[in-house]
Amino acid sequence: MSISSSAVIVELNISVWTAEKLDRKATNAVLVANKASGDAAKVIKNLMAGTTLRKDIQDYAAGCRLWNNNKTLAWGEKGVRLLPTSIFMPYKLEVNGRRDMFNAQVNTFLAEYPTIVANYEKAASALGTLFDRDDYPHVDAVRELFGFRFVVSPVPDSGDFRVDIPQQDLEELKEDYADSFDSRLGDAMKESWKRLHKMLSGMSEKLNDGGDSETKKRYHESLLTNALDLCEMLKHLNVTNDPALEQARKEVKAAVEGTNIEALKEDAHSRAGLKADVDAVLKQYEW
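What you see is a predicted model, and the numbers here were worked out from it, not measured in a lab.

Draft legend 1. Structural context of the pattern of salt bridges. Tallied over the entire structure, the rule returns 15 salt bridges. Lys55 is paired through a salt bridge with Asp59; the nearest N and O atoms lie 3.0 Å apart. With Lys55 and Asp59 both in helix H2 (residues 53–71) and four residues apart, this pair spans about one turn of that helix. Using a relative accessible area of 42% as the deciding quantity, one classes Lys55 as partly exposed. The partner of Glu121 in a salt bridge is Arg133, with the nearest N and O atoms 3.6 Å apart. Of this pair, Glu121 sits in helix H3 (residues 88–123) while Arg133 sits in the loop between H3 and helix H4 (139–143), and the two are 12 residues apart along the sequence. When its relative accessible area of 46% is taken as the criterion, Glu121 is described as partly exposed. Of the residues examined, Arg133 reaches a relative accessible area of 35% and is grouped as partly exposed.

Draft legend 2. Looking closely at the packing of helix H7 (residues 222–237) against helix H8 (residues 243–257). Contact geometry of H7 with H8 gives a least axis separation of 10 Å together with a crossing angle of 150°. When the interaxial angle is binned, H7 and H8 end up roughly antiparallel. The hand of the H7/H8 crossing is left-handed. Residues Leu224, Ala227, Leu228, Cys231, Leu234 and Lys235 of H7 form the contact with H8, whose participating residues are Arg249, Val252, Lys253, Val256 and Glu257. In terms of residue class, the contact of H7 with H8 is made up of seven nonpolar, no polar and four charged.

Draft legend 3. How the structure looks around the environment of Asp132. In this fold, Asp132 is placed in the loop between H3 and H4. At a separation of 3.0 Å, a polar atom in the side chain of Asp132 contacts the main-chain amide nitrogen of Asp134.

Draft legend 4. Representation of the sheet that holds strand S1 (residues 7–15). On the basis of which strands lie adjacent, the open sheet formed by four strands has the order S4-S5-S1-S6 and antiparallel pairing. Of all strands in the sheet, those bounded by a partner on one side alone are strand S4 (73–74) and strand S6 (147–154). When S1 meets strand S5 (residues 80–84), the two strands line up antiparallel, connected through five bridges. Among the inter-strand pairings, Val10 is bridged to a residue of S5, identified as Arg81. Each of S1, S5 and S6 touches H2; the most contacted strand, S1, lies at about 165° to it.

Draft legend 5. The nonpolar core, seen in detail. Ranked by size, the top nonpolar core spans 73 residues in total, and within it Trp75 and Leu82 carry the most contacts. The dominant element in this core, judged by the number of residues it contributes, is H3, at 10 residues. Aside from chain neighbours lying at most four places away, what touches Trp75 is Ile3, Ile9, Val80, Arg81, Leu82, Val155, Phe181, Arg184, Leu185 and Ala188.

Draft legend 6. Fine view of the confidence of the model for the protein chain. This prediction gives the protein chain a mean pLDDT of 87; 87% of its residues lie at or above 70. Across the protein chain, H2 holds the top mean pLDDT of 97, while helix H6 (residues 213–216) sits lowest at 58. Note that pLDDT drops below 50 for residues 161–165; the model gives that stretch seven contacts with residues more than four away or on any other chain.

Criteria and thresholds
Residues numbered from 1 in each chain as written. Predicted model: local features only at pLDDT ≥ 70, side-chain atom pairs only at ≥ 80, totals over all residues. Heavy atoms only, no water. Salt bridge = Lys/Arg side-chain N within 4 Å of Asp/Glu carboxyl O. Helix = DSSP H or I, 4+ residues; strand = E, 2+ residues; numbered from the N terminus. Buried < 20%, exposed > 50% of the residue type's maximum accessible area, 1.4 Å probe, protein only. Axes fitted to C-alpha atoms, helices over the stretch in contact; angles between N-to-C directions. Parallel < 35°, antiparallel > 145°, perpendicular 65-115°, else oblique. Left-handed = near helix turned anticlockwise from the far one by under 90°. Contact = heavy atoms within 4.5 Å. Nonpolar A, V, L, I, M, F, W, Y, C, P; charged D, E, K, R; others polar. Polar contact = N/O pair within 3.5 Å; in protein donor to acceptor, adjacent residues only side chain to side chain. Pairing = 2+ DSSP bridges. Core = buried A, V, L, I, M, F, W, Y, C linked by side-chain atoms within 4.5 Å. pLDDT = per-residue confidence, 0-100.

Listed below in structure tokens is the structure:
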């Protein structure tokens, strides 16, 4: 099956300086003090201890990777994702905004970096006697350790081999690629089903009625909004137009849209009704 017109391949690679350094002297001291073997422990220094500027960038990058994974499907190699063309423009707009925010955070950190290191050298308050000026790269070297790279490429058709090799070998290449393509596409669609199954299983478990006030506290608006958000995304992630997945999506959406969180908190019948709808979808399809 060719999906070159309904999806593209995207690769989002974000790198962040770890600011970690193995302290061999401190490691040896710990091993000797505890009479431990040479591979029993390591002392890893956080070179940016006492400031959150670098960690804020790391946390933001992690959020960007999670966002990217939620909007796309796995496609073979690690980091390679399949993006439906139906959401390409809003995706591209947001990825550009996230790149700009990342770069702004990096620039702020790099502007402060020399001052942070200078303060460490004067007082070494955060690292104490673990401080070693030689652990800290020049700011230009640190800049190279941050990166936000985004690449888009088309999904190649299985027959598109523009190489000059014997016909028999070419046919074998095409056959191998077709098998690989079908496997990747199958795995991508399994991921869509898995996301729906995971969400429904969690809802079903949470809707088990314990009948006490503590149970009611478990119900938050996100129980419904997360389900609706996934239903909206599945309209795009169903890149093969699987009719079963589309039907399951519609059934879940109809069940959730007819419910409100206050009714779930206060009314056992509402909880039972939604759970019955959720369980019906879980039983109806082969996951």
